[in-house]
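A closer look at the structure
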Amino acid sequence: MVERIMPEPFRIKMVEPVRVPDGAQREKALEIGHCNMFGLRSEDIYIDLLTDSGTGAMSKQQWAALMRGDEAYAGADSFFALKNAVKDVLGFDYVIPTHQGRAAENVVFGTLAKKGDIIPFNMPFDTTRAHIFNVEAEPVDCVIDEAFEPEVQHPFKGNVDVAKLERAIAEYGRERIPLIMITVTNNSGGGQPVSLENLRAVSGVAKKHGIPLFLDAARMAENAWFIKMREESCRNMSLAAILRACMDTADAITCSAKKDPLVNIGGMICCRTEALYQALLPRVILFEGFATYGGLAGRDLEALAQGLREMTDEQYMAHRVAQVKYLGDLLEEGGVPFVKPTGGHAIFIDAAAFLPHIPQTAYPADVLSIEIYREGAIRGIGLGALAFAIEDEKTGKLILPKLELYRLAINRRTYTNSHMEYVAESIVNVYKRREKIRYGLKVEYAPPVKGLHHFLAHLKPYTL
Ligand code: F0G
């Protein structure tokens, strides 16, 4: 039985009309977009769950804060509003604004990593991984084995396997490891959280070896909420206190502010020492902008400062996570296989189990994207072989990822619970006709950059 959903803790002040395109319009859009969800136009979509990044609704306090934006090139008031919010909410003394998360990654990996280096991770997301490749370094996944079993229930499937991490450090050597990074929540593995206990354990290992620990903190508040719900020792702590305790384990964070911090554009690096701050600044000035705006307008800094304070509102977060779970429960009722337990920002359908008759080399997650778009004008995204397969440099053979997922990312404060019901019904309809879906996809074009295929690929269906 699906439980009655928690009502939205907001009311709607401004509406953005969305329309349902008819079948012919959908087919045309697929053709023009080369069957790639990134190739579709917003006007051809009814419910857009491509990403939860930059797509949330700002609060009235954020809109009001825009008017306070100080656009001074250096030393703007708005930078200090951000600096104060970072100190209050996250406890870091230094903040570098960037235009979004991958810009923070460019600054961090471009400054600290070099050819032949290794970055131990739980699992990096696509752009993070691409930035590591870009400096000819390699990420090493050290996530627990349960992360690769979609049906296995585990409260913290994003956790690092500390033994794997220790083995990686021993195998590659401390000198090849400029930093360790943990993504909270683990986006590539289903939006799954990392426990505070695990963060502390990894922090201990990092300190022992003298390696800085970074968090990729895009979804740090959702991660802290799962800790509150699932980690016994934290049950009576506030969301804000748990978030702070998580931050205390790290030397620095990179953050896409387009997720939990509730802005349409923005990112940042936060750190504790002046030495690291100073080391990172030259690359910020080269690629982003001066140290106190980093590629953002003053008004963006204000919206971000306010968003950081709002993300720890417990009523907001309780509904946010409950809404994602509601969609999961409705899909579960319809028998649709997805990564359990439900993650923080998205449902990750197990495309390999949904379409077991389509081989992974024919991109079942992306076939599912097409079919769900056809069914309900809903846009999600395949996160399987197309996004994560890489060619072995020595043998030229394709190394396929262990998971073949299709993600429905839920935008913050944007869609209603009844939209979730529509999405579930459409996907259950596709599930009922899954055996009739008998085609695969060929890549007709892909950009010649490692790790970026899925964004720009032209796909062509072929009968299996
Ligand atoms: N880290 C994580 C965990 C992310 O999920 C993303 C973006 C980034 C870094 C990069 O941040 O987009 O601001 O440059 N994820 C989006 C997604 C795009 O759809 O999950 P960005």
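Residues numbered from 1 in each chain as written. Predicted model: local features only at pLDDT ≥ 70, side-chain atom pairs only at ≥ 80, totals over all residues. Heavy atoms only, no water.

**Details of the site of the ligand**
As a reminder of what qualifies: We call a residue near a given molecule or strand whenever any one of its heavy atoms falls within 4 Å of it. As used in this structure description, the phrase polar contact means that two N or O atoms lie within 3.5 Å; if the pair is within protein, one of them must be able to donate a hydrogen and the other to accept it, and residues adjacent in sequence are counted only when both atoms belong to side chains. In these tables, accessible area is a Shrake-Rupley quantity obtained with a 1.4 Å probe, and a residue counts as shielded only by the protein chains included in the view.
Taken together, 17 residues surround the ligand, and among them Arg102, Asp216, Ser256, Lys259 and Arg407 come closest. The contact in question runs from an oxygen atom of the ligand to an N or O atom on the backbone of Gly101, over 2.8 Å. Within the side chain of Arg219, an N or O atom sits 2.9 Å from an oxygen atom of the ligand. Coverage of the ligand by the protein amounts to 94% of the 470 Å² it exposes when considered alone.

**Topic: the sheet that holds strand 14 (residues 405-409)**
The pairing of strands in a sheet happens through backbone hydrogen bonds and is either parallel or antiparallel. Heads up, the rule is: Pairing between strands is defined by DSSP: at least two bridges between them are needed. Here a helix means four or more residues in a row that DSSP labels H or I, a strand means two or more in a row labelled E, and each is numbered from the N terminus. Axes here refer to lines fitted to C-alpha atoms; in helices the fit is confined to the stretch in contact. Angles between the N-to-C directions go from 0 to 180 degrees.
With antiparallel pairing, the 3 strands of this open sheet are ordered in space as 9-14-11. A single partner strand is all that each edge strand has here, and the edge strands are strand 9 (346-350) and strand 11 (381-383). On average, adjacent strands in this sheet sit at an angle of 30 degrees to one another, irrespective of strand direction. Direction of pairing for strand 9 relative to strand 14: antiparallel, over a ladder of 5 bridges. The residue of strand 14 that forms the bridge with Asp350 is Leu405.

**Describing the pattern of salt bridges**
Any two side chains of opposite charge can pair if their charged atoms end up close together. Quick note on the threshold: The term salt bridge refers to a side-chain nitrogen of Lys or Arg lying within 4 Å of a carboxyl oxygen of Asp or Glu. Exposed residues in this analysis have more than 50% of their type's maximum accessible area, buried residues have under 20%, and partly exposed residues fall in between, with area computed by a 1.4 Å probe over protein chains only.
The tally for this structure, following the rule as stated, stands at 25 salt bridges. Taking the shortest distance from any N to any O, the salt bridge between Glu27 and Arg374 comes out at 2.7 Å. Of this pair, Glu27 sits in helix 1 (residues 23-32) while Arg374 sits in helix 14 (residues 364-376), and the two are 347 residues apart along the sequence. Residue classification places Arg374 among the partly exposed residues on the basis of a relative accessible area of 33%. Ionic pairing is found between Asp260 and Arg412, a salt bridge with its closest N-O pair at 3.2 Å. You can see Asp260 sitting in the loop between strand 7 (252-256) and strand 8 (267-271) and its partner Arg412 sitting in the loop between strand 14 and helix 16 (417-432), a full 152 residues away along the chain. The residues Asp260 and Arg412 share a single accessibility class, namely buried.

**A few points about the side chain of Gln323**
Where we set the bar: Note on contacts: a residue pair is in contact if any heavy atoms of the two residues lie within 4.5 Å.
Looking at where Gln323 falls in the secondary structure, it is placed in helix 12 (residues 314-333). Setting aside its immediate chain neighbours within four residues, Gln323 contacts Ile5, Glu8, Ile410, Tyr415, Thr416, Asn417 and Met420.

**Description of the domain arrangement of the chain**
For clarity, the threshold we go by: In this entry, domain limits derive from an automatic or database-based domain assignment. Put simply, buried area is how much 1.4 Å-probe accessible surface two parts lose in total, over both of them, once they are put together.
Domain parsing of the chain yields domain 1 (23-52 + 313-463) and domain 2 (60-310). The straight-line distance from the C-alpha centre of domain 1 to that of domain 2 is 26 Å. With 33 residues of domain 1 at the contact, the number on the domain 2 side is 37 residues. In total, about 3100 Å² of surface goes out of reach between domain 1 and domain 2, with carbon and sulfur atoms giving 57% of it. The interface formed by domain 1 and domain 2 holds 6 salt bridges in total. Note that Glu222 and Arg320 form a salt bridge whose closest N and O atoms lie 2.8 Å from each other. Put simply, domain 1 and domain 2 have 17 residue pairs in polar contact (both at pLDDT 80 or more) between them. Breaking the side of domain 1 that touches domain 2 down by element, the ones donating at least two residues are helix 12, strand 9, helix 15 (385-388), strand 14 and helix 17 (453-456).

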